[in-house]
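# Overview (structure and organization)
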Amino acid sequence: MRSAFFRLLPLLVITLLPACGKDEPTDAASGTGVTVDQNIGIQVLQQVMPINGKVELPGHGKEEWFAYGAMTGTEWTPANGVVTGHVFTDDTTVITMQFNVAPANDGTYYEAWINNPKTGHSISMGQLINGQGDARHGLRFESPEDQRGYTDVRVTLEQDDGNAEPSTTVIATGTLKPTKRR
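Our focus in this paragraph is the overall build of the chain. Looking only at helices and strands, the chain features one helix and 12 strands. Secondary structure elements of the chain occur, N-terminal to C-terminal, as α-β-β-β-β-β-β-β-β-β-β-β-β. Relative to its full complement of 182 residues, the chain shows a buried share of 37%. Carbon and sulfur atoms make up 55% of the accessible area of the chain, which totals about 11,100 Å².

Turning next to the nonpolar core. Grouped together as the largest cluster of nonpolar side chains are 24 residues, with contacts concentrated most on Met71, Met97, Phe99, Ile114, Met125, Val153 and Val155. Apart from residues no more than four positions distant in its own chain, Val153 is found in contact with Met71, Val83, Met97, Trp113, Ile114, Met125, Ala172, Thr173, Gly174 and Leu176. Judged by nonpolar contacts, the second largest core, of five residues, contains Val48, Val55, Phe88 and Val94.

Reading guide: rules and limits
Residues numbered from 1 in each chain as written. Predicted model: local features only at pLDDT ≥ 70, side-chain atom pairs only at ≥ 80, totals over all residues. Heavy atoms only, no water. Helix = DSSP H or I, 4+ residues; strand = E, 2+ residues; numbered from the N terminus. Buried < 20%, exposed > 50% of the residue type's maximum accessible area, 1.4 Å probe, protein only. Areas by Shrake-Rupley, 256 points an atom, 1.4 Å probe, with all protein chains shown as cover. Core = buried A, V, L, I, M, F, W, Y, C linked by side-chain atoms within 4.5 Å. Contact = heavy atoms within 4.5 Å.

Written out as structure tokens, the structure reads:
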């Protein structure tokens with residue numbers, strides 16, 4: 001009887017696992033792809049991952065470009081993190097960032113930007129999400145356009161004043177470095 005229970009235990013876990021975490025609010029308005037489970041205090045960043053050495057995003061096709069880079073704080077702000085970028089068959093770009101920095105003060109927030117070094121044009125990837133109130137921040141940016149020319153990454157400290165232009169207070173920088181998958 002006992003050995004039958006242990007043989008069925010994996011089946012029981014697989015059956016019950018989909019029921020876990022069903023009420024996870026997502027910050028859909030910002031499109032960050034960051035989910036916070038309020039019940040157990042876990043922040044989940046939806047990130048594209050290889051399966052059997054290949055990367056494919058349902059509805060967007062196979063990965064055609066991959067880049068990654070380290071984020072480093074400026075001399076005034078201790079911060080670090082990693083940023084990854086993907087472009088898929090249909091030109092969809094997905095960029096994710098995991099970033100560590102002290103929480104922003106009231107009335108301010110952190111915003112991530114990608115910049116095309118050839119044109120100087122910048123695109124906001126949105127506000128960094130801090131689901132736990134500690135140093136861990138995350139962001140998922142998705143664009144229907146191929147953004148592989150935007151390899152310079154920066155995080156700015158923004159005033160919560162409605163101004164859509166980037167602040168000049170850069171707290172961290174990084175570079176997406178294109179890499180061939182093996």
